[in-house]
Amino acid sequence: MKNLNKFYKRKEIQRLGAENGLDARLFHQAFISFRKYIMESSSVSADLHIILNDICCGAGHVDDLFPFFLRHAKQIFPMLDCMDDLRKISDLRLPPNWYPEARAIQRKIIFHAGPTNSGKTYHAIQRFLTAKSGIYCGPLKLLAHEIFQKSNAANVPCDLVTGEERVYATEDARQASHIACTIEMCSTNTPYEVAVIDEIQMIRDPARGWAWTRALLGLCAEEIHVCGESAAIDLVTELMYTTGEEVEVRNYKRLTPLTVLDYALESLDNLQPGDCIVCFSKNDIYSVSRQIEARGLECAVIYGSLPPGTKLEQAKKFNDPNDPCKILVATDAIGMGLNLCIKRIIFNSIVKPTVNEKGEKEIDSITTSQALQIAGRAGRFGSSFKQGEVTTMHRDDLLQLKEILSESVPPVKAAGLHPTPEQIEMFAYHLPDATLSNLIDIFVSLSQVDGLYFVCNIDDFKFLADMIQHIPLNLRSRYVFCTAPLNRKEPFVCTTLLKFARQFSRNEPLTFDWLCRHTKWPLAPPKNIKELVHLEAVHDVFDLYLWLSYRFMDMFPDAALVRDIQKKLDDIIQIGVCNITKLIRASQSGAASGAAEVTSEGFPLSRTKRDARTVSDHRDAKSTEPLSIALEDLKSHGRGSLANRLLREGLLTQEMLRQLESEWQDQHRSGRYGLASKRNDHSSSKEMGKKKK
């Protein structure tokens, strides 16, 4: 063991390993396996046995083990035999060269930079409408749909292309000269006069940034109008320098004033018409909306997992001056894609769950970019409110919000990239026995990028690849299934994808009747929150079917029928959202599990920062009160559900849960009945005795 560890630590051996394709991670994994093989095998090959014997007897040198170590490493990492080829395939240092059609023309790049509500996108769209041909690329279906409607209303025939559907402007289904699409769906082969890329700052997004990089580098358009935060100007300029194209920057200022108030709302009794309370979890949405309606006020509700149609209906209800609904409760889903007449934005919390570059979930304060995007929705130009206001629900958060909003947005430093199907197919040719998940891992570990780029997070892709690995599919089909847009926290949607893949592998078409049986369609309006969340999941399943039908038309043949029932389901969900407070009451009365149990977006965050300070303050005083507070919260928000969630995320073990419960019960019993433990000091016992009397 000593000699093996000495071999591992030798710098010369590590250098030799690197020359043979073993980076630090692979070298370590190979050594652990090699050491285990030697220490635990009942016998080893004769030549290795002799070398080991010589080393142990002082007649040999540990470096003599390297040929045997390398042979073992190649057995567990087959790619070492074709490392040079794999490195060439995964070389991502020159993305502009992937788009020869775009490099063949001289493009004019115009960057429309400005904050929310500055008219930057409006000016780009005006140029789009006057062009002979054009393409609009946006981050959301709602945005693409809005441009689709505006174009056709302006007598500029425009098609709509999203991952789930293509809607033609003309009845004869001829392709129009203008297209509004979600950014992942843009074509890099079709020539256009004008292209608009919206929300360019999302090029830094850990999961979707690759789509903006692809559009910026690959669109074949004479003019490319880029819209977004000024923080992305430098990166876009540098990227265009590598293509030999210059960037013209047009700066815009906000069209209406935005004021950060000097006071917090503090109570829902202080709400006014035009107020929007922004929450970062579904549970806070449920809690706040119920409290508002308990005060006799109507409120609209918008959050991310609602279907687009329901979001639009809720927005329409809130915007309608003749509707009694004057309050909006929403998540940061209102940050883009919806035109809302908001007078005042109220942050219920300034912390939200995020996913970092490593794919790890964190709870942190919102960024300046996020705060500005959300706050900027107040006082929209052209609405009935000529200026916007922003504040917080809690006084403690207001100072920090002011600090966040006063900071400059950090510059966007790198653009996302993602391996293409062709690159993965070439990897599979060299490594025919590797799973798709392993191919992706090897690709990322070998990939080389320069400082302007990063490889996007592929955890969702790997999750789906592992989930359908046992199903016999060809590589291209498997890759398509793994790029399906779904929330992996939704078990019903994930199991449906699994069934889709299994049926697909048997070459059995997925018919409308099959889908109806699986989803138990037709469905009734929801009676509680759990049923509403299930309906949202079914809507996602219909989206998934339509997304796959766009790619495998023969195997998913009933897209038109599915689209019809999806519209009906949207109406049913709207009924549920309009009656959301009734559903919450039904859920909390015991008719169903608590609202917290069925949400996948986490427990309430409105108190996260304040509770953290409370725990810290009490801990300094050596008080046990925080445990009581935490466990009371656990109970009040659905103890079992939160515990299960923490267990799933690895933040809590069964043993820790039992210990917490035991401690909480002991303290609760002591506080309620005045029973002192034997360990209590004399004064404590006297005090408890008085209470008992």
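Labelled according to an unreviewed UniProt entry, the chain appears under the name ATP-dependent RNA helicase SUPV3L1, mitochondrial, originating from Chrysolophus pictus. Taken from UniProt, the Catalytic activity (unreviewed entry) comment for the chain reads in full: "ATP + H2O = ADP + phosphate + H(+)". What the UniProt record of the chain gives under Subcellular location (unreviewed entry) is the line "Mitochondrion".

Caption draft 1: Molecular detail of the packing of aromatic side chains. Applying the stated rule across the entire model yields 18 aromatic pairs. Ring centres 5.6 Å apart and planes at 15° place the aromatic pair Tyr8 and Phe27 in the stacked group. With Tyr8 in helix 1 (residues 2-9) and Phe27 in helix 3 (residues 24-40), this pair connects stretches of sequence that are 19 residues apart. Note on Phe27: relative accessible area 5%, which makes it buried. With centroids separated by 5.6 Å and ring planes inclined at 75°, the aromatic side chains of Phe34 and Phe69 adopt a geometry described as edge-to-face. Of the two residues, Phe34 sits in helix 3 while Phe69 sits in helix 5 (residues 66-76), which places them 35 residues apart along the sequence. Looking at Phe69, the relative accessible area reads 0%, which means it is buried. Taken together, the ring pairs in this structure connect Phe7, Tyr8, Phe27, Phe31, Phe34, Phe66 and Phe69 into an aromatic cluster. The ring of Trp547 carries the charged tip of Arg551 above its face, separated from the ring centre by 3.8 Å.

Caption draft 2: Structural view of the environment of Ala180. Considering the arrangement of structural elements, one finds Ala180 in strand 5 (residues 178-182). A residue is classified by how much of its surface remains accessible, and Ala180, at 0% relative accessible area, is buried. Taking the C-alpha atoms as reference points, Ala180 and Ile135, 45 residues apart in sequence, are found 5.8 Å from one another. Excluding its chain neighbours within four sequence positions, the residues that come into contact with Ala180 are Tyr136, Ala144, Ile147, Phe148, Cys158, Asp159, Leu160 and Val161.

Caption draft 3: Examining the pattern of salt bridges more closely. Within this structure, the stated rule accounts for 30 salt bridges. The salt bridge involving Arg127 is made with Glu223; its shortest N-O contact spans 3.2 Å. Taken together, the residues Arg127 in helix 8 (residues 120-130) and Glu223 in strand 7 (residues 220-228) connect sequence positions 96 residues apart. The class of Glu223 is buried, set by a relative accessible area of 16%. The closest approach of N and O atoms between Lys150 and Glu146, which form a salt bridge, is 3.1 Å. Of the two residues, Lys150 and Glu146 are both situated in helix 9 (residues 141-153); the distance of 4 residues between them amounts to about one turn of the helix. The class for Glu146 is buried, based on a relative accessible area of 18%. Connected through salt bridges with shared partners, the residues Arg10, Glu12 and Asp63 form a single ionic network.

Caption draft 4: Region of the structure containing the sheet that holds strand 8 (residues 247-251). On the basis of which strands lie adjacent, the open sheet formed by 8 strands has the order 4-3-5-2-6-7-1-8 and mixed pairing. In the strand order of this sheet, the two ends are held by strand 4 (166-167) and strand 8, each with one partner. Where strand 1 (residues 108-113) lies against strand 8, 5 bridges are found, and the strand directions are parallel. In the strand pairing of strand 8, Phe111 is matched with Val249. In the packing of helix 9 onto the sheet, contacts are made with strand 2 (134-138), strand 3 (158-161), strand 4 and strand 5, and the angle to strand 3 comes to roughly 165°. Across the sheet, helix 11 (residues 233-243) touches strand 1 and strand 8, and the angle it forms with strand 8 is around 165°.

Caption draft 5: Just the environment of Glu266, in detail. Assignment of secondary structure puts Glu266 in the loop between strand 9 (258-260) and strand 10 (275-278). Separated by 127 residues in the primary sequence, Glu266 and Met393 have C-alpha atoms spaced 5.1 Å apart. With residues up to four places along the chain from it excluded, the contact list for Glu266 reads Met393 and Arg395. Polar side-chain contacts of Glu266 include one of 2.9 Å to the side chain of Arg395.

Caption draft 6: Examining the sheet that holds strand 9 more closely. One open sheet holds the 6 strands; their spatial order is 9-16-13-10-12-11, and the pairing between them is parallel. Every other strand in the sheet has two partners, leaving strand 9 and strand 11 (299-302) as the edge strands with one partner each. Sheet twist, expressed as the mean angle between neighbouring strand axes with direction ignored, is 20°. Bridging between strand 11 and strand 12 (residues 327-330) involves 4 bridges; their strand directions are parallel. Looking at the pairing, Ile302 lines up with Ala330 of strand 12.

Definitions and limits used
Residues numbered from 1 in each chain as written. Predicted model: local features only at pLDDT ≥ 70, side-chain atom pairs only at ≥ 80, totals over all residues. Heavy atoms only, no water. UniProt positions renumbered as here; feature names shortened; annotations may be inferred. Phe/Tyr/Trp six-rings, centres within 6.5 Å; stacked < 30°, edge-to-face > 60°. Helix = DSSP H or I, 4+ residues; strand = E, 2+ residues; numbered from the N terminus. Buried < 20%, exposed > 50% of the residue type's maximum accessible area, 1.4 Å probe, protein only. Lys NZ or Arg CZ within 6 Å of the ring centre and 35° of its normal. Contact = heavy atoms within 4.5 Å. Salt bridge = Lys/Arg side-chain N within 4 Å of Asp/Glu carboxyl O. Pairing = 2+ DSSP bridges. Axes fitted to C-alpha atoms, helices over the stretch in contact; angles between N-to-C directions. Polar contact = N/O pair within 3.5 Å; in protein donor to acceptor, adjacent residues only side chain to side chain.

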